[in-house]
Amino acid sequence: MDSTAQYDTVIIGGGPAGLTAALTLTRYRCRTLVIESPAPPRNAASRGVHGLIGLEGATPQELRSHAWKELDRYGLATRLDATVTEVTPLTGDGFTVRTDEGTSAWARNVILATGVIDQRPEGVEGFAACWGRTVIHCPFCIGEENADRTWALVADDPRYLAMAATAFRAWTGDTIAIAPPSLPGADELRRGLRERGSDLIQGEITRLHHTDGDLYAVELADGTLLQRQTLLWPQPQRQVSLVERLATEHGLTLSDGYVMVDDARQTSIPGLYAAGDLTSPTWEQGAVPAVTAGSTAADAIHFAHLV
């Protein structure tokens, strides 16, 4: 990338949201730069992306490869593998975007499609091997791939844990809840779950027993072994460092840790848009809403410059 290169839009992130925005803008004949971190994407452990018609079950890499074949037909989208370190709103117009390679570009608009970072639990042996396979954060994403197995819902929210008895019967008839020892209202919750054919087990998870990521037992700190094959275990999330800096240094507005956007996906900084998981809590995340958000942001950018 030329240090003085100029683009209509710079998109930071090359997942479903960013690539959909790039395709939409390309078909509007906008010159677009997509900057994607060389680090493995958040969904790298996924065996397949689901819900995208025509791409059902495609791996994250297959999805990206297919998208770039389509983008390359038009010759207006450029890909750069780098980490964006700074996005600076300019007083007059547009933004300067800088990367860790020392390159920079000017763009009239920027779309943040960085996703979020899952904060995985420390000290749980076997978690990394099972994550994205039999330890899942979203039943709608890969519940089907874990169907007809024994499940456990892991959380510290009594209202969420109460869902264990009934909410996942599309995929399994055997779900229990696992909660920390300090869970408030545990006795009442346990009675309610047992009445509906489930149960509540309290303890700290220390080890996941598995074979090549295929879970078969959960070990608690007191040595208890629970025979479970799938854990629904949503992880706390945080923004990537770039988004955190934009919030601290340039007033980007966050709500409950997620980037606030309007109906056009524009953030509190004019000309800066956001699409994908960085704007939505866990239960609203996924490839399909990310694609919708990316298209919406691109449409908004195009029509904003017609008036």
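Remember, it's a predicted structure, so these values are computed and weren't measured experimentally.

**Focus: the layout of surface pockets**
- Estimates place the volume of the second largest pocket at around 270 Å³.
- If you list the elements that add at least two residues to the lining of the second largest pocket, you get helix 1 (16-27), helix 2 (60-72) and helix 8 (287-304).
- Broken down by element, the lining of the second largest pocket gets its largest block of residues, five residues, from helix 2.

**Some thoughts on the pairing of strand 5 (residues 95-99)**
- For strand 5, the buried fraction is high: four of the five residues fall into the buried class.
- Bridging between strand 4 (residues 84-89) and strand 5 involves five bridges; their strand directions are antiparallel. Directly across from Pro89, in strand 5, lies its bridge partner Phe95.
- In this structure, the hairpin formed by strand 4 and strand 5 is closed by a connection of five residues, where Gly94 is found at a positive phi of approximately 80°.
- One ladder, built from four bridges, connects strand 5 with strand 6 (residues 104-112); its direction is antiparallel. Bridging from a neighbouring strand, Val97 pairs with Ala105 of strand 6.
- Here strand 5 folds back onto strand 6, and the loop between the two strands holds four residues, one of which, Gly102, carries a positive phi near 90°.

**As for the nonpolar core**
- Among the nonpolar cores identified, the biggest contains 28 residues, and Val10, Val87 and Leu112 are the most heavily contacted of them.
- Counting 21 residues, the second-largest nonpolar core is a separate cluster that includes Ala21, Ala22, Ile111 and Ile301.

About the cut-offs
Residues numbered from 1 in each chain as written. Predicted model: local features only at pLDDT ≥ 70, side-chain atom pairs only at ≥ 80, totals over all residues. Heavy atoms only, no water. 1 Å grid on protein atoms, 1.4 Å probe; cavity = no way out; pocket = protein on both sides within 12 Å on 5 of 7 lines; lining within 4 Å. Points joined across faces, edges and corners; volume = space filled by probe spheres on them. Helix = DSSP H or I, 4+ residues; strand = E, 2+ residues; numbered from the N terminus. Buried < 20%, exposed > 50% of the residue type's maximum accessible area, 1.4 Å probe, protein only. Pairing = 2+ DSSP bridges. Core = buried A, V, L, I, M, F, W, Y, C linked by side-chain atoms within 4.5 Å.

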